[in-house]
Amino acid sequence: MREEKRSLRQQQIETAAYEVLEAKGYGGTSMQGIAKHARASNETLYNWYGDKQGLFRALVTRNAEEVKAHLESELQTDHDALSILGTLGPKLLDLLTGDRAVALNRAAAADSSGELGATLSKAGREAVFPLLERVLLRARDEGVLNFKHTGEAVALYLDLLIGDQQIRRVIGRLPQPSETFCQERSARAVRLLRDLLG
C-alpha cells in the first residue's frame with residue numbers, strides 16, 4: 001500500500017514537473033517550483049530524486065521505459081529480428097513524438113548549459129541504442145541484413161523510422177502521429193532497411 005501511494009505521488013510530481021517545464025523552460029524550472037506546483041515538500045523531491053538533474057533523469061528514464069522493456073523482453077525470445085523491429089517501431093515512434101518527449105526536447109534545445117540534452121541522451125538514446133544493436137546483430141546472424149558497422153546500421157534504421165518526425169513535432173509543425181501512421185511508418189522502415197542492407 002505504501003509503495004502504491006509513493007508511486008501515485010511520484011506520478012503527480014512528475015506531471016507537475018512537465019507542466020512547470022512547459023511553462024518556464026529548463027532554466028526557469030526549479031525543484032522548489034515543482035514542489036510548489038505538485039503541493040509536495042522540497043524535502044520529498046530531494047529525497048526521491050537528489051536534485052533537478054536527477055528528477056529529469058527519472059522523467060526521461062520513465063518515458064523510455066516501455067520501449068526499453070519491450071526490447072529487453074523480445075531479446076529473450078527466439079523471435080526473428082525483423083519482427084522485433086516491426087513491433088518496436090510503432091512504440092519507439094510514439095515515444096519520440098509524444099507530448100512528453102516533445103516537452104523535454106524543446107526544453108533541452110533552449111537549455112544553453114547542455115545539461116538537459118546530456119540527460120536526455122544518457123537516459124534515453126544511450127539506454128536503447130545498445131539493445132537495438134543486439135537486434136540488428138541478430139538480423140545479421142539470421143542472414144537477412146548485411147553490414148560491417150553495427151552503429152551505422154542502427155543509425156540507418158532510426159533515420160528510416162524517425163526521419164524529421166521528431167524535430168517537426170518539436171517545432172510545432174506536425175501533430176502527434178496516429179497509431180496507424182506509426183505502424184505504417186514502422187513497416188516502411190523495416191522494408192527499406194531490408195532493401196538497403198539485405
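Residues numbered from 1 in each chain as written. Predicted model: local features only at pLDDT ≥ 70, side-chain atom pairs only at ≥ 80, totals over all residues. Heavy atoms only, no water.

A. Broad picture of the nonpolar core. Core analysis: the largest hydrophobic core is formed by 33 residues, its most contacted members being L85, L132 and Y157. For this core, the elements supplying multiple residues, two or more each, are α4 (52-75), α5 (81-97), α7 (115-141), α8 (150-162) and α10 (179-197). Take this core: its biggest share by element is 8 residues, from α5. What L132 contacts, discounting residues up to four positions off in sequence, is L71, L85, L88, V154, Y157 and L158. The next biggest cluster of nonpolar side chains, apart from the first, holds 25 residues, and it includes A17, L104, A107 and A123. (Core = buried A, V, L, I, M, F, W, Y, C linked by side-chain atoms within 4.5 Å. Buried < 20%, exposed > 50% of the residue type's maximum accessible area, 1.4 Å probe, protein only. Helix = DSSP H or I, 4+ residues; strand = E, 2+ residues; numbered from the N terminus. Contact = heavy atoms within 4.5 Å.)

B. Spatial organisation of the packing of helix α1 (residues 2-28) against helix α3 (residues 42-49). It is at 12 Å that the axes of α1 and α3 come closest, and there the two elements cross at 105°. By the angle between their axes, α1 is roughly perpendicular relative to α3. Across the interface between the two elements, R6, R9, Q10, I13 and E14 of α1 pack against T44, L45, W48 and Y49 of α3. Of the residues contributing to the contact of α1 with α3, the split by class is 4 nonpolar, 2 polar and 3 charged. (Axes fitted to C-alpha atoms, helices over the stretch in contact; angles between N-to-C directions. Parallel < 35°, antiparallel > 145°, perpendicular 65-115°, else oblique. Nonpolar A, V, L, I, M, F, W, Y, C, P; charged D, E, K, R; others polar.)

C. The arrangement of the packing of aromatic side chains in detail. Counted under the stated rule, the structure contains 1 aromatic pair. Taking the centre distance of 5.1 Å and the plane angle of 80° together, the rings of Y26 and F56 count as edge-to-face. Of the two residues, Y26 sits in helix α1 while F56 sits in helix α4, which places them 30 residues apart along the sequence. In terms of burial, Y26 and F56 fall into one category: buried. The ring of Y26 is capped by K52, whose NZ or CZ atom sits 4.0 Å from the centre of that ring. (Phe/Tyr/Trp six-rings, centres within 6.5 Å; stacked < 30°, edge-to-face > 60°. Lys NZ or Arg CZ within 6 Å of the ring centre and 35° of its normal.)

D. Up close: the packing of α1 against helix α6 (residues 99-110). One way to put it is that α1 packs onto α6 with a least axis distance of 9 Å and a crossing angle of 35°. In this structure, the crossing between α1 and α6 has a hand that is left-handed. Every residue of α6 that contacts α1 at T15, Y18, L21, E22 and Y26 is listed here: R100, A103, L104 and A107. Considering only residue class, the contact of α1 with α6 consists of 6 nonpolar, 1 polar and 2 charged. (Left-handed = near helix turned anticlockwise from the far one by under 90°.)

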